[in-house]
Amino acid sequence: MISFRVDGRSVVPPYLQIVQQVRQALRMGVLDVGDKLPTVREVVAATAVNPNTVLKAYRDLERDGLVEPRAGHGTFVVGRPAGPPPGTHSRLARSLAHWVRGAREAGLDDESIESLLRITLRAAADEETA
Amino acid sequence: MMASSDPAVIQTRRLSKRYRRVTALSEATVTVPEGRISALIGPNGAGKTTLLRLLTGLARPTGGDITVLGGTPRQNAAFLSGVGFLAQEIPLYRHLSAEDHIGIGAHLNARWDGTSVRRRLESLDIPVDRQVGRLSGGQRAQLALALTLAKRPRLLLLDEPVAALDPLARRQFLAHLAEAVADGGLTVVLSSHLLADLERTCDHLILLAKSRVQLCGDIDTLLAEHQVLVGPAKDTTAIERDHTLVQAVRTARQTTLLIRRSGPVIDPAFEVADVGLEELVLGYMGQVAGAAPAQLTSIGEDQ
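Undergrad: Could you give me a rundown of a nonpolar patch on the surface, with the residues and numbers involved?
TA: On the surface, Leu96, Trp99 and Leu116 of chain A cluster together into a nonpolar patch covering about 280 Å² of accessible area. Of note, Leu96 of chain A is situated in helix α4 (residues 86-105).

Undergrad: Run through helix α3 (residues 98-108) of chain B, naming residues and quoting values.
TA: Residue and element names in this part refer to chain B. Residues of α3 that are buried: Ala98, His101, Ile102 and Gly105. Across the axial projection of α3, the buried residues extend over an arc of 105°, all falling on one side. Tucked into the core, α3 has its buried residues touching α4 (114-123) and α5 (137-150). At the N-terminal end of α3, a side-chain oxygen is found 3.3 Å from the backbone nitrogen of Glu99, two or three residues along, and the residue is Ser97.

Undergrad: Just give me the short version of the interface of chain A and chain B, but keep the residues and values in it.
TA: Size of an interface, as often reported, equals the accessible area lost when the parts are brought together. Counting residues at the interface gives 17 residues for chain A and 19 residues for chain B. Buried area between chain A and chain B, summed over both chains or domains, comes out near 1500 Å², and the portion from carbon and sulfur atoms is 48%. The interface formed by chain A and chain B includes three salt bridges. In this structure, the salt-bridge partner of Lys56 of chain A is Asp220 of chain B, at a minimum N-O distance of 2.9 Å. Across the chain A-chain B interface, the total number found is ten residue pairs in polar contact (both at pLDDT 80 or more).

About the thresholds
Residues numbered from 1 in each chain as written. Chains lettered and ligands numbered in written order. Predicted model: local features only at pLDDT ≥ 70, side-chain atom pairs only at ≥ 80, totals over all residues. Heavy atoms only, no water. Patch = residues over 30% accessible without salt bridge, like charges linked within 9 Å, V, L, I, M, F, W, Y side chains within 5 Å. Areas by Shrake-Rupley, 256 points an atom, 1.4 Å probe, with all protein chains shown as cover. Salt bridge = Lys/Arg side-chain N within 4 Å of Asp/Glu carboxyl O. Helix = DSSP H or I, 4+ residues; strand = E, 2+ residues; numbered from the N terminus. Buried < 20%, exposed > 50% of the residue type's maximum accessible area, 1.4 Å probe, protein only. Arc of directions from axis to C-beta. Contact = heavy atoms within 4.5 Å. Polar contact = N/O pair within 3.5 Å; in protein donor to acceptor, adjacent residues only side chain to side chain. Buried area = accessible area lost by both parts, 1.4 Å probe.

Nothing here speaks to function; it is geometry throughout.
Next comes the structure, spelled out in C-alpha coordinates:
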(Lines give C-alpha, C1' and ligand atoms only; values in the text may rest on other atoms or scores of the structure.)
Protein backbone atom coordinates (compact mmCIF):
# COMPACT_ATOMS: atom_id res chain seq x y z
CA MET A 1 0.00 0.00 0.00
CA ILE A 2 1.25 3.49 -0.76
CA SER A 3 0.26 6.80 0.79
CA PHE A 4 -0.21 10.03 -1.10
CA ARG A 5 1.16 13.49 -0.37
CA VAL A 6 -0.87 16.39 -1.67
CA ASP A 7 0.98 19.70 -1.71
CA GLY A 8 -1.45 22.60 -1.69
CA ARG A 9 1.23 25.03 -2.89
CA SER A 10 2.13 23.02 -5.97
CA VAL A 11 1.03 24.31 -9.37
CA VAL A 12 0.11 20.69 -10.19
CA PRO A 13 -3.58 20.15 -9.32
CA PRO A 14 -4.21 17.68 -6.47
CA TYR A 15 -5.81 14.98 -8.67
CA LEU A 16 -2.77 15.07 -10.98
CA GLN A 17 -0.42 14.82 -8.00
CA ILE A 18 -2.14 11.55 -7.06
CA VAL A 19 -1.97 10.27 -10.66
CA GLN A 20 1.71 11.14 -10.89
CA GLN A 21 2.52 9.49 -7.57
CA VAL A 22 0.86 6.23 -8.67
CA ARG A 23 2.72 6.31 -12.00
CA GLN A 24 6.00 7.08 -10.23
CA ALA A 25 5.42 4.22 -7.75
CA LEU A 26 4.79 1.86 -10.70
CA ARG A 27 7.94 3.02 -12.50
CA MET A 28 10.02 2.60 -9.35
CA GLY A 29 8.54 -0.82 -8.61
CA VAL A 30 6.99 0.36 -5.32
CA LEU A 31 3.63 -0.71 -6.75
CA ASP A 32 3.09 -3.73 -8.98
CA VAL A 33 0.29 -5.52 -10.79
CA GLY A 34 -2.16 -6.99 -8.27
CA ASP A 35 -1.49 -4.37 -5.57
CA LYS A 36 -4.39 -2.48 -4.02
CA LEU A 37 -4.58 1.32 -3.96
CA PRO A 38 -5.80 3.03 -0.78
CA THR A 39 -9.59 3.53 -0.69
CA VAL A 40 -11.02 6.97 -1.37
CA ARG A 41 -11.98 7.20 2.30
CA GLU A 42 -8.42 6.38 3.40
CA VAL A 43 -6.89 8.99 1.08
CA VAL A 44 -9.41 11.60 2.18
CA ALA A 45 -8.83 10.86 5.88
CA ALA A 46 -5.07 11.24 5.45
CA THR A 47 -4.98 14.30 3.19
CA ALA A 48 -8.34 16.17 3.59
CA VAL A 49 -8.62 16.38 -0.20
CA ASN A 50 -12.08 16.27 -1.74
CA PRO A 51 -13.37 12.71 -2.36
CA ASN A 52 -14.16 13.64 -5.97
CA THR A 53 -10.49 14.58 -6.46
CA VAL A 54 -9.41 11.04 -5.55
CA LEU A 55 -12.14 9.52 -7.74
CA LYS A 56 -11.03 11.69 -10.64
CA ALA A 57 -7.42 10.55 -10.22
CA TYR A 58 -8.45 6.87 -10.05
CA ARG A 59 -10.66 7.29 -13.14
CA ASP A 60 -7.71 8.81 -15.00
CA LEU A 61 -5.52 5.86 -14.07
CA GLU A 62 -8.30 3.47 -15.05
CA ARG A 63 -8.69 5.12 -18.45
CA ASP A 64 -4.96 4.61 -19.03
CA GLY A 65 -5.35 0.91 -18.22
CA LEU A 66 -3.22 1.06 -15.06
CA VAL A 67 -5.83 0.30 -12.40
CA GLU A 68 -9.25 -1.30 -12.20
CA PRO A 69 -12.00 -0.93 -9.59
CA ARG A 70 -13.44 -4.19 -8.28
CA ALA A 71 -16.86 -3.71 -6.76
CA GLY A 72 -16.73 -3.98 -2.97
CA HIS A 73 -13.01 -4.74 -2.89
CA GLY A 74 -11.24 -1.55 -3.96
CA THR A 75 -9.03 -0.38 -6.77
CA PHE A 76 -6.24 -2.66 -8.01
CA VAL A 77 -3.18 -2.21 -10.21
CA VAL A 78 -3.63 -4.06 -13.51
CA GLY A 79 -0.86 -2.60 -15.65
CA ARG A 80 2.37 -0.64 -15.82
CA PRO A 81 2.77 2.70 -17.56
CA ALA A 82 4.02 2.45 -21.12
CA GLY A 83 7.46 3.82 -21.68
CA PRO A 84 11.08 2.89 -21.76
CA PRO A 85 12.62 0.59 -19.15
CA PRO A 86 14.19 2.21 -16.04
CA GLY A 87 17.70 2.11 -17.59
CA THR A 88 16.61 4.72 -20.10
CA HIS A 89 15.69 7.14 -17.33
CA SER A 90 19.12 6.99 -15.74
CA ARG A 91 20.87 7.32 -19.11
CA LEU A 92 18.84 10.44 -19.97
CA ALA A 93 19.35 11.79 -16.45
CA ARG A 94 23.13 11.56 -16.97
CA SER A 95 23.06 13.45 -20.26
CA LEU A 96 20.72 16.05 -18.75
CA ALA A 97 23.10 16.51 -15.82
CA HIS A 98 25.87 17.07 -18.35
CA TRP A 99 23.72 19.69 -20.10
CA VAL A 100 22.90 21.42 -16.80
CA ARG A 101 26.61 21.68 -15.97
CA GLY A 102 27.13 23.32 -19.37
CA ALA A 103 24.27 25.75 -18.75
CA ARG A 104 25.67 26.69 -15.32
CA GLU A 105 29.13 27.27 -16.80
CA ALA A 106 27.47 29.53 -19.40
CA GLY A 107 26.09 31.61 -16.50
CA LEU A 108 22.45 30.47 -16.35
CA ASP A 109 20.87 30.27 -12.89
CA ASP A 110 18.22 27.68 -11.93
CA GLU A 111 15.36 30.00 -12.78
CA SER A 112 16.70 30.64 -16.29
CA ILE A 113 17.26 26.92 -16.80
CA GLU A 114 13.72 26.04 -15.65
CA SER A 115 12.28 28.75 -17.86
CA LEU A 116 14.30 27.52 -20.85
CA LEU A 117 13.13 23.96 -20.22
CA ARG A 118 9.49 25.04 -20.02
CA ILE A 119 9.74 27.03 -23.26
CA THR A 120 11.44 24.12 -25.04
CA LEU A 121 8.83 21.63 -23.80
CA ARG A 122 6.02 23.90 -24.90
CA ALA A 123 7.62 24.45 -28.35
CA ALA A 124 8.07 20.69 -28.75
CA ALA A 125 4.43 20.11 -27.81
CA ASP A 126 3.32 22.75 -30.33
CA GLU A 127 5.44 21.07 -33.00
CA GLU A 128 3.82 17.70 -32.28
CA THR A 129 0.29 19.09 -32.51
CA ALA A 130 1.07 21.22 -35.59
CA MET B 1 -18.72 10.40 -8.27
CA MET B 2 -19.18 13.93 -9.57
CA ALA B 3 -21.45 14.48 -12.54
CA SER B 4 -23.15 17.58 -13.89
CA SER B 5 -26.40 15.63 -13.74
CA ASP B 6 -26.27 15.27 -9.94
CA PRO B 7 -29.57 16.51 -8.47
CA ALA B 8 -29.49 19.96 -6.86
CA VAL B 9 -29.58 19.96 -3.06
CA ILE B 10 -29.66 23.76 -3.01
CA GLN B 11 -31.36 25.79 -5.70
CA THR B 12 -32.01 29.52 -5.36
CA ARG B 13 -33.21 31.97 -7.97
CA ARG B 14 -32.78 35.74 -7.57
CA LEU B 15 -32.84 35.26 -3.82
CA SER B 16 -32.81 38.55 -1.91
CA LYS B 17 -32.78 39.61 1.71
CA ARG B 18 -33.24 43.17 2.92
CA TYR B 19 -33.03 44.32 6.51
CA ARG B 20 -34.79 47.72 6.65
CA ARG B 21 -32.57 49.85 4.44
CA VAL B 22 -29.70 47.39 4.10
CA THR B 23 -29.56 44.82 1.29
CA ALA B 24 -27.74 41.82 2.72
CA LEU B 25 -28.20 39.61 -0.33
CA SER B 26 -29.27 40.66 -3.80
CA GLU B 27 -30.73 38.41 -6.52
CA ALA B 28 -28.54 35.44 -5.67
CA THR B 29 -28.91 32.50 -8.05
CA VAL B 30 -27.08 29.47 -6.69
CA THR B 31 -27.09 25.75 -7.48
CA VAL B 32 -25.26 23.18 -5.36
CA PRO B 33 -25.50 19.61 -6.69
CA GLU B 34 -25.54 16.61 -4.37
CA GLY B 35 -22.23 15.35 -3.00
CA ARG B 36 -20.33 18.61 -3.37
CA ILE B 37 -18.23 20.34 -0.75
CA SER B 38 -18.93 23.94 -1.67
CA ALA B 39 -16.70 26.81 -0.59
CA LEU B 40 -18.65 29.93 0.32
CA ILE B 41 -16.15 32.76 -0.13
CA GLY B 42 -16.36 36.52 0.10
CA PRO B 43 -15.17 39.56 2.02
CA ASN B 44 -16.72 40.24 5.42
CA GLY B 45 -20.18 41.68 4.96
CA ALA B 46 -20.59 40.15 1.49
CA GLY B 47 -23.68 38.19 2.55
CA LYS B 48 -22.22 34.78 3.44
CA THR B 49 -23.89 34.46 6.83
CA THR B 50 -27.16 35.82 5.40
CA LEU B 51 -27.14 33.14 2.70
CA LEU B 52 -26.45 30.42 5.28
CA ARG B 53 -29.28 31.72 7.49
CA LEU B 54 -31.68 31.69 4.54
CA LEU B 55 -30.64 28.12 3.69
CA THR B 56 -31.39 26.95 7.24
CA GLY B 57 -34.70 28.80 7.49
CA LEU B 58 -33.35 31.02 10.30
CA ALA B 59 -34.10 34.01 8.04
CA ARG B 60 -36.89 34.43 5.49
CA PRO B 61 -36.19 35.87 2.04
CA THR B 62 -37.65 39.22 0.96
CA GLY B 63 -37.47 38.19 -2.71
CA GLY B 64 -36.79 35.29 -5.07
CA ASP B 65 -37.10 31.52 -4.69
CA ILE B 66 -35.25 29.03 -2.54
CA THR B 67 -35.41 25.23 -2.51
CA VAL B 68 -33.31 23.16 -0.15
CA LEU B 69 -33.56 19.34 -0.15
CA GLY B 70 -36.64 19.65 -2.30
CA GLY B 71 -38.53 21.93 0.10
CA THR B 72 -38.67 25.41 1.56
CA PRO B 73 -36.29 26.01 4.48
CA ARG B 74 -38.24 26.29 7.75
CA GLN B 75 -37.33 25.97 11.39
CA ASN B 76 -39.45 22.87 11.86
CA ALA B 77 -38.53 19.30 12.73
CA ALA B 78 -39.23 17.83 9.29
CA PHE B 79 -36.90 20.25 7.48
CA LEU B 80 -34.23 20.45 10.18
CA SER B 81 -33.83 16.67 10.47
CA GLY B 82 -32.07 16.80 7.07
CA VAL B 83 -29.93 19.86 7.73
CA GLY B 84 -26.94 20.29 10.02
CA PHE B 85 -25.77 23.81 10.83
CA LEU B 86 -22.59 24.72 12.65
CA ALA B 87 -22.44 28.43 13.44
CA GLN B 88 -19.34 30.51 14.12
CA GLU B 89 -20.02 30.25 17.85
CA ILE B 90 -19.74 26.51 18.48
CA PRO B 91 -22.92 25.53 20.35
CA LEU B 92 -21.60 23.40 23.22
CA TYR B 93 -22.24 23.49 26.98
CA ARG B 94 -18.91 24.16 28.68
CA HIS B 95 -19.77 22.35 31.91
CA LEU B 96 -21.03 19.18 30.23
CA SER B 97 -18.96 16.35 28.78
CA ALA B 98 -19.00 14.91 25.28
CA GLU B 99 -20.95 11.93 26.67
CA ASP B 100 -23.59 14.34 28.09
CA HIS B 101 -23.92 15.97 24.66
CA ILE B 102 -24.36 12.57 23.02
CA GLY B 103 -27.20 11.87 25.49
CA ILE B 104 -28.88 15.22 24.77
CA GLY B 105 -28.63 14.59 21.02
CA ALA B 106 -30.32 11.21 21.42
CA HIS B 107 -33.26 12.97 23.14
CA LEU B 108 -33.59 15.76 20.58
CA ASN B 109 -33.21 13.81 17.32
CA ALA B 110 -35.34 11.07 15.83
CA ARG B 111 -32.33 9.72 13.93
CA TRP B 112 -29.20 9.66 16.05
CA ASP B 113 -25.91 7.78 15.72
CA GLY B 114 -24.19 8.26 19.08
CA THR B 115 -21.79 5.38 18.34
CA SER B 116 -20.25 7.31 15.44
CA VAL B 117 -19.46 10.23 17.79
CA ARG B 118 -17.76 7.96 20.37
CA ARG B 119 -15.79 6.18 17.64
CA ARG B 120 -14.65 9.49 16.14
CA LEU B 121 -13.62 10.95 19.51
CA GLU B 122 -11.73 7.79 20.38
CA SER B 123 -9.80 7.90 17.09
CA LEU B 124 -8.82 11.51 17.90
CA ASP B 125 -7.94 10.75 21.55
CA ILE B 126 -10.60 13.16 22.82
CA PRO B 127 -11.89 12.07 26.27
CA VAL B 128 -15.69 11.64 26.31
CA ASP B 129 -16.01 12.27 30.06
CA ARG B 130 -14.10 15.56 30.31
CA GLN B 131 -15.93 18.89 30.61
CA VAL B 132 -16.10 20.49 27.17
CA GLY B 133 -14.69 23.73 28.62
CA ARG B 134 -11.45 21.87 29.34
CA LEU B 135 -11.00 20.62 25.77
CA SER B 136 -8.85 22.47 23.23
CA GLY B 137 -10.44 24.59 20.49
CA GLY B 138 -9.66 21.92 17.92
CA GLN B 139 -11.17 19.17 20.09
CA ARG B 140 -14.34 21.23 20.66
CA ALA B 141 -14.69 21.83 16.89
CA GLN B 142 -14.25 18.10 16.21
CA LEU B 143 -16.86 17.25 18.87
CA ALA B 144 -19.32 19.77 17.42
CA LEU B 145 -18.82 18.36 13.92
CA ALA B 146 -19.22 14.76 15.12
CA LEU B 147 -22.43 15.71 16.98
CA THR B 148 -23.79 17.53 13.92
CA LEU B 149 -23.04 14.51 11.72
CA ALA B 150 -24.62 12.11 14.25
CA LYS B 151 -28.12 13.08 13.14
CA ARG B 152 -27.14 11.99 9.62
CA PRO B 153 -27.95 15.24 7.80
CA ARG B 154 -28.10 15.31 4.02
CA LEU B 155 -26.92 18.93 3.97
CA LEU B 156 -24.32 20.39 6.29
CA LEU B 157 -23.83 24.16 6.51
CA LEU B 158 -20.71 25.47 8.25
CA ASP B 159 -20.06 29.14 9.02
CA GLU B 160 -16.29 29.64 9.39
CA PRO B 161 -15.75 26.52 11.47
CA VAL B 162 -11.96 26.41 11.17
CA ALA B 163 -11.01 30.09 11.45
CA ALA B 164 -9.84 29.82 15.05
CA LEU B 165 -8.02 26.48 14.71
CA ASP B 166 -4.30 25.82 14.31
CA PRO B 167 -3.15 24.25 11.01
CA LEU B 168 -3.11 20.66 12.29
CA ALA B 169 -6.56 20.94 13.88
CA ARG B 170 -7.85 22.52 10.66
CA ARG B 171 -6.49 19.69 8.56
CA GLN B 172 -8.02 17.07 10.89
CA PHE B 173 -11.36 18.88 10.89
CA LEU B 174 -11.48 19.07 7.08
CA ALA B 175 -10.39 15.42 6.76
CA HIS B 176 -13.27 14.45 9.08
CA LEU B 177 -15.63 16.47 6.90
CA ALA B 178 -14.33 15.00 3.62
CA GLU B 179 -14.60 11.46 5.07
CA ALA B 180 -18.26 12.06 5.89
CA VAL B 181 -18.85 13.16 2.29
CA ALA B 182 -16.92 10.13 0.98
CA ASP B 183 -19.42 7.92 2.83
CA GLY B 184 -22.08 9.30 0.49
CA GLY B 185 -25.41 11.10 0.73
CA LEU B 186 -23.98 14.32 2.20
CA THR B 187 -23.57 17.78 0.65
CA VAL B 188 -21.60 20.52 2.43
CA VAL B 189 -21.43 24.31 2.20
CA LEU B 190 -18.48 25.75 4.09
CA SER B 191 -17.73 29.44 4.53
CA SER B 192 -14.13 30.41 5.18
CA HIS B 193 -11.43 32.92 4.37
CA LEU B 194 -8.71 30.28 4.21
CA LEU B 195 -8.36 29.72 0.48
CA ALA B 196 -5.58 27.14 0.71
CA ASP B 197 -7.77 24.89 2.89
CA LEU B 198 -10.75 25.36 0.62
CA GLU B 199 -8.76 24.61 -2.52
CA ARG B 200 -7.79 21.25 -1.05
CA THR B 201 -11.13 20.14 0.30
CA CYS B 202 -13.80 21.85 -1.82
CA ASP B 203 -14.90 21.01 -5.37
CA HIS B 204 -17.57 23.70 -5.72
CA LEU B 205 -17.49 27.46 -5.24
CA ILE B 206 -19.94 30.22 -4.37
CA LEU B 207 -18.22 33.60 -4.52
CA LEU B 208 -20.09 36.53 -2.97
CA ALA B 209 -19.09 40.19 -3.08
CA LYS B 210 -21.15 43.29 -2.45
CA SER B 211 -24.21 41.15 -1.63
CA ARG B 212 -24.15 39.51 -5.05
CA VAL B 213 -23.09 36.14 -6.44
CA GLN B 214 -20.01 36.68 -8.61
CA LEU B 215 -19.33 33.03 -9.40
CA CYS B 216 -21.06 29.73 -8.71
CA GLY B 217 -20.10 26.32 -10.05
CA ASP B 218 -17.74 23.35 -9.94
CA ILE B 219 -14.21 24.65 -9.32
CA ASP B 220 -12.62 22.55 -12.10
CA THR B 221 -15.08 23.97 -14.63
CA LEU B 222 -14.64 27.55 -13.42
CA LEU B 223 -10.85 27.28 -13.56
CA ALA B 224 -10.98 25.81 -17.08
CA GLU B 225 -13.20 28.68 -18.25
CA HIS B 226 -10.76 31.35 -17.08
CA GLN B 227 -7.27 32.30 -18.24
CA VAL B 228 -4.66 34.90 -17.57
CA LEU B 229 -3.12 36.68 -20.55
CA VAL B 230 0.19 38.47 -20.15
CA GLY B 231 1.50 40.61 -22.97
CA PRO B 232 2.67 44.04 -24.09
CA ALA B 233 0.73 47.22 -23.39
CA LYS B 234 -1.45 47.33 -26.46
CA ASP B 235 -5.02 47.69 -27.55
CA THR B 236 -7.06 44.79 -26.16
CA THR B 237 -10.44 45.68 -27.68
CA ALA B 238 -10.48 42.52 -29.81
CA ILE B 239 -9.86 40.28 -26.81
CA GLU B 240 -12.48 42.14 -24.76
CA ARG B 241 -14.95 41.70 -27.63
CA ASP B 242 -14.37 37.93 -27.95
CA HIS B 243 -14.17 37.13 -24.24
CA THR B 244 -15.44 38.47 -20.94
CA LEU B 245 -12.87 40.65 -19.23
CA VAL B 246 -12.85 40.09 -15.48
CA GLN B 247 -9.88 42.18 -14.54
CA ALA B 248 -7.12 44.12 -16.28
CA VAL B 249 -3.88 45.32 -14.76
CA ARG B 250 -2.11 47.72 -17.12
CA THR B 251 1.30 49.29 -16.76
CA ALA B 252 3.20 51.39 -19.30
CA ARG B 253 4.85 48.26 -20.72
CA GLN B 254 2.65 45.31 -19.82
CA THR B 255 -0.98 44.20 -19.80
CA THR B 256 -2.28 41.40 -17.60
CA LEU B 257 -5.83 40.27 -18.25
CA LEU B 258 -8.02 37.81 -16.39
CA ILE B 259 -10.69 36.64 -18.81
CA ARG B 260 -13.61 34.25 -18.88
CA ARG B 261 -13.07 32.84 -22.32
CA SER B 262 -15.65 32.08 -24.99
CA GLY B 263 -13.27 29.92 -27.05
CA PRO B 264 -9.55 29.67 -27.69
CA VAL B 265 -7.39 32.78 -27.30
CA ILE B 266 -5.54 33.34 -30.55
CA ASP B 267 -3.55 36.53 -30.02
CA PRO B 268 0.12 35.47 -30.33
CA ALA B 269 1.30 38.62 -28.56
CA PHE B 270 -0.09 37.28 -25.29
CA GLU B 271 1.21 34.46 -23.16
CA VAL B 272 -1.74 32.38 -21.97
CA ALA B 273 -1.66 30.83 -18.52
CA ASP B 274 -4.10 28.79 -16.45
CA VAL B 275 -5.48 30.35 -13.28
CA GLY B 276 -5.47 28.98 -9.75
CA LEU B 277 -8.36 29.35 -7.34
CA GLU B 278 -6.73 32.17 -5.40
CA GLU B 279 -6.02 34.18 -8.54
CA LEU B 280 -9.59 33.65 -9.75
CA VAL B 281 -11.17 34.68 -6.45
CA LEU B 282 -8.95 37.74 -6.01
CA GLY B 283 -9.58 38.72 -9.62
CA TYR B 284 -13.34 38.80 -9.13
CA MET B 285 -13.10 40.54 -5.78
CA GLY B 286 -10.76 43.11 -7.33
CA GLN B 287 -13.22 43.68 -10.15
CA VAL B 288 -16.01 44.40 -7.69
CA ALA B 289 -13.86 46.57 -5.43
CA GLY B 290 -12.35 48.34 -8.45
CA ALA B 291 -8.88 47.74 -7.10
CA ALA B 292 -5.77 45.82 -8.05
CA PRO B 293 -5.56 42.32 -6.55
CA ALA B 294 -2.45 43.25 -4.59
CA GLN B 295 -4.59 45.51 -2.42
CA LEU B 296 -6.96 42.70 -1.53
CA THR B 297 -4.59 40.14 -0.07
CA SER B 298 -6.03 40.87 3.37
CA ILE B 299 -8.94 38.50 2.64
CA GLY B 300 -6.56 35.66 3.57
CA GLU B 301 -6.52 36.99 7.12
CA ASP B 302 -9.19 36.58 9.67
CA GLN B 303 -11.22 39.48 10.98
